Amino acid sequence: MIIGANIKEAVRSLLSSKQRTVLALIGIVIGIGSVIAMVSIGKIVQEESLRQFKEMGTDVLTIESQFGGGEPSTGGRITRSAPKSKIKLADVLAIPTECPGISAVAPSVRGNGEASYGGKKLQNAGMIGVTESFLGINKLKISQGRFISDLDAHNQFCTIGSMVATEMRTLGSGDVIGKKLRVGQSLYTVVGVTAEVLEGGMRRFQPNETIYVHITSALRSSREAEISEIIARVSTGVTNTVARDQVLAYFKSKTKKSSVRVTSPEEIIAQMEKQMQMFTLLLGAIGSISLIVGGVGVMNVMLVSVSERRREIGIRRALGAKRGDIRGQFLIESIILSLIGGVLGILFGVGASVIISHFAKWHFVLSSGAILLGVGVSNAVGIFFGYYPARQASLLDPIVALKSD
Amino acid sequence: MLRLSEIKKSYHIGPTEVDVLKGVSLNVDKGELISIMGPSGCGKSTLMNIIGLLDRPTSGSFELNDAEVLYTNDDALSDIRNRNIGFVFQQYFLLSKLSALENVELPLMYRDDAAKFTREHSMELLRRVGMADRAGHRPSELSGGQQQRVAIARALVCNPALILADEPTGALDTNVGGEIMELFKELNAEEGITVVIITHDPGIARQCQRVAVMRNGVIVP
Ligand SMILES: Nc1ncnc2c1ncn2[C@@H]1O[C@H](COP(=O)(O)OP(=O)(O)OP(=O)(O)O)[C@@H](O)[C@H]1O
Ligand SMILES: [Mg+2]
């Protein structure tokens, strides 16, 4: 039996019933696509968490103020009526001396108000009030000028992200250093630009789209302004849990009313993995259901193909085809059908994971394992669901097949 | 070459049993050109299918080339059909998606030693049946007589010792039928191929060395 001739005939026969072939393929495409998306997203998330570990280090805690003064671990359900208690800047700056487990802190204040340059609005810019330590803890780099310094408390200076600088230049600023931009009611003079940073990561802000001002300027700018987030670097040789307990105890001693939530990188990654698990579960369910539906579709197409070609089977048997030859012919046809579905499914799945990782701000990586899996699974579907029809065909009695029409 | 004795074949249709062959005994020697005649429904095709190993008898013994045919090994039966028997059917039975040449080559697909047979061999057979200029045509582009010629070339491709033709001229007019018959006679005379032809046409039967007449499931002497 010549495999080549069989493949040629299988393609010919699939082409001669295009509609049916396409309909059968839909299920396979969705099924394989979901499986591919599942695997490649798993891979992407894995790479992503690795990348973030490398980028930020595992020794960084995030401290957030929490409303209502409940236990830190309750997750902080926000109720409007709960009284707000602000964290004092002096308390924050005292953390490294009060808690031996923390080596440095970088508090930040989210500013509000529109940013504009020369009377024109800056589309992608948000203000954050920071201290000098913010740069190092967040592993940011300066590309031009300098960062906000602790001596800038009484200066209306700002350092801007690379995107903000680009936007200012398109508004005709030329060299951005020394230019003034407005946020809300205040004017700030640009003293530096931060280097561009890849999207995503563990930072809770967009480094490229931020206007950094001194924290006291930000606190001064509006009555609502408060320290919303503190990033703390854990001292070497101290575990995250120990440092975290120290911070919690410190805040408890400072005030009865305010409470904070402390998150470590492990928790963020756990959260990310939970998110991924949801995707995986969903895609896995869709994938396996569609694979079964697709497989049944393939089986159906093949059964119809067999019953339409009984006469042909009879002729081939009369000319010397063995049962195995007939079985092989139909198996090859269903495998080719499934493989076509598999290839389309791979494209579909890779496309889906590109889109998902785009929205989740993850870095897309193409995994060759996923592609191999797609080819393998579609092959298996072809064999599994094609075997029954192929066997039916091979068991046809030559004379019965020949006499049928 | 063929030695059939007391071959019986019956079909069950519901509770009733229909005896189609009621004990056929027939010997055909190597190199013979024999025709089988008989009224419609007397069991000629049934007998032919048994001789061609497409069907199995209910009882009786069948020796092919001095060896009792065993029906237990289906693959072996396929092999014998492929290597020793060439079929020519009334309805031609060409595969509509294949060209004339591809149809002729089809039986080679089921041989391990297909490499022995060149494309030139198949073309030569098409030339022999006068169809060389139509090698690339699909069956639907050929007349009935032309299709039957392609079918004969296909029957010859594996160099069979026996050709079984079930009403090969049944769908053709007398002229074309005569030409087909000439081909069979030529193959029989020049290559010594044993040919068994079922026919309703006394003109065809007369050209054979021997005529066996069937009636009601038996061969009448
Ligand atoms: N699969 C079957 N089941 C039941 N009866 C069958 C079957 N095949 C054939 N027969 C019966 O066997 C009988 C002989 O059929 P067969 O085809 O051998 O006749 P024939 O001599 O070739 O006739 P014709 O000259 O018309 O071709 C018929 O009466 C037919 O009804
Ligand atoms: Mg008949």
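Residues numbered from 1 in each chain as written. Chains lettered and ligands numbered in written order. Predicted model: local features only at pLDDT ≥ 70, side-chain atom pairs only at ≥ 80, totals over all residues. Heavy atoms only, no water.

## Things to note about helix α2 (residues 74-84) of chain B
Each turn of an α-helix holds 3.6 residues, which means side chains three or four residues apart point in the same direction. All of the buried residues in α2(B) are B:D74, B:L77, B:S78, B:R81 and B:N82. Down the axis of α2(B), the sector holding all buried residues measures 135 degrees, keeping them to one side. Where the residues of α2(B) are buried, they touch α10 (310-318), α11 (323-359) and α13 (398-403) of chain A together with β6 (85-89) of chain B. Its side-chain oxygen 3.1 Å from the backbone nitrogen of B:D75, B:N73 forms the N-cap of α2(B). (Buried < 20%, exposed > 50% of the residue type's maximum accessible area, 1.4 Å probe, protein only. Helix = DSSP H or I, 4+ residues; strand = E, 2+ residues; numbered from the N terminus. Arc of directions from axis to C-beta. Contact = heavy atoms within 4.5 Å. Polar contact = N/O pair within 3.5 Å; in protein donor to acceptor, adjacent residues only side chain to side chain.)

## Considerations on the sheet that holds strand β2 (residues 16-28) of chain B
All names here are of chain B. If you trace the four strands from one edge of the open sheet to the other, you get β2-β1-β4-β5, paired in antiparallel fashion. The open sheet has two edge strands with one neighbour each: β2 and β5 (67-68). Two strands pair when backbone bridges link them, and strand β1 (residues 2-13) and β2 are joined in this way by ten bridges, in the antiparallel orientation. Bridge assignment links I7 to a residue of β2, and that residue is V24. Helix α1 (residues 44-51) contacts β1, β2 and β4 (59-64) of the sheet and is inclined by roughly 120 degrees relative to β1. (Pairing = 2+ DSSP bridges. Axes fitted to C-alpha atoms, helices over the stretch in contact; angles between N-to-C directions.)

## Topic: the site of ligand 1
Lining the immediate environment of ligand 1, one finds 13 residues, of which B:S40, B:G41, B:K44, B:S45 and B:T46 sit closest. In this structure, ligand 1 is bordered by residues of chains A and B. In this structure, B:G43 approaches ligand 1 through a main-chain N or O atom, which is 3.0 Å from an oxygen atom. Here ligand 1 has 630 Å² of accessible area as a free molecule, and 64% of this is covered by the chains. When residues of the shell around ligand 1 are traced back to their parent elements, those giving at least two are β1 and α1 of chain B. When residues in the shell around ligand 1 are grouped by element, the largest group, three residues, is from α1(B). Classifying every residue of the shell around ligand 1 by side-chain character gives four nonpolar, six polar and three charged. (Near = heavy atom within 4 Å. Areas by Shrake-Rupley, 256 points an atom, 1.4 Å probe, with all protein chains shown as cover. Nonpolar A, V, L, I, M, F, W, Y, C, P; charged D, E, K, R; others polar.)

## Details of the sheet that holds strand β7 (residues 162-166) of chain B
All names here are of chain B. Here six strands make up an open sheet; going across it, the order is β6-β7-β8-β3-β9-β10 and the pairing mixed. Edge positions in the sheet fall to β6 and β10 (218-220), since each of these pairs with one other strand and no more. The sheet shows a mean angle of 25 degrees between the axes of neighbouring strands, direction not considered. Across three bridges, strand β9 (residues 210-215) lies against β10 in antiparallel orientation. If you follow M214 over to β10, its bridge partner there is I219. Set on the sheet, helix α6 (residues 174-191) makes contact with β3 (33-37), β6, β7 and β8 (194-198); between it and β8 the angle comes to about 155 degrees.

## Side note on α6(B)
All names here are of chain B. Its 18 residues place the ends of α6 25 Å apart at the C-alpha level, agreeing with the 26 Å of an ideal helix rising 1.5 Å per residue. All of the buried residues along α6 are G177, I180, M181, L183, F184, L187 and N188. Projected down its long axis, α6 shows its buried positions confined to an angular sector of 145 degrees, all on one face. Along α6, the residues that are exposed and aim more than 90 degrees away from the buried face are N175, A189 and E190. (Expected span 1.5 Å × (residues − 1).)

## Some thoughts on the interface of chain A and chain B
Often, the extent of an interface is quoted as the loss of accessible area upon association of its parts. If you look at the interface, chain A gives 27 residues, while chain B gives 25 residues. A buried area of about 2,400 Å², summed over both sides, lies between chain A and chain B, and 58% of it is on carbon and sulfur atoms. Three residues, A:R12, A:L319 and A:K322, lead the burial of chain A against chain B; their summed loss comes to 26% of the area buried on that side. Counting every contact that joins chain A to chain B gives ten residue pairs in polar contact (both at pLDDT 80 or more). (Buried area = accessible area lost by both parts, 1.4 Å probe.)

## So, the pairing of strand β2 (residues 102-110) of chain A
Residues and elements named next belong to chain A. The sheet contact formed by β2 and strand β11 (residues 227-234) spans seven bridges and is antiparallel. Counterpart to V109 in the pairing with β11 is I227. Across two bridges, the pairing between β2 and strand β5 (residues 126-130) is antiparallel. The residue of β5 that forms the bridge with R110 is I128.

## Topic: empty space enclosed by the protein
All names here are of chain B. For the coordinates displayed, the defined rule picks out three cavities of 30 Å³ or more. Estimates place the volume of the second largest cavity at around 70 Å³. Along its surface, the second largest cavity is lined by 13 residues, and N82, I85, P107, R154 and A155 are the ones closest to its centre. At three residues, the largest contribution of residues to the lining of the second largest cavity is made by β6. (1 Å grid on protein atoms, 1.4 Å probe; cavity = no way out; pocket = protein on both sides within 12 Å on 5 of 7 lines; lining within 4 Å. Points joined across faces, edges and corners; volume = space filled by probe spheres on them.)

Purely spatial values, then, with no claim about function.
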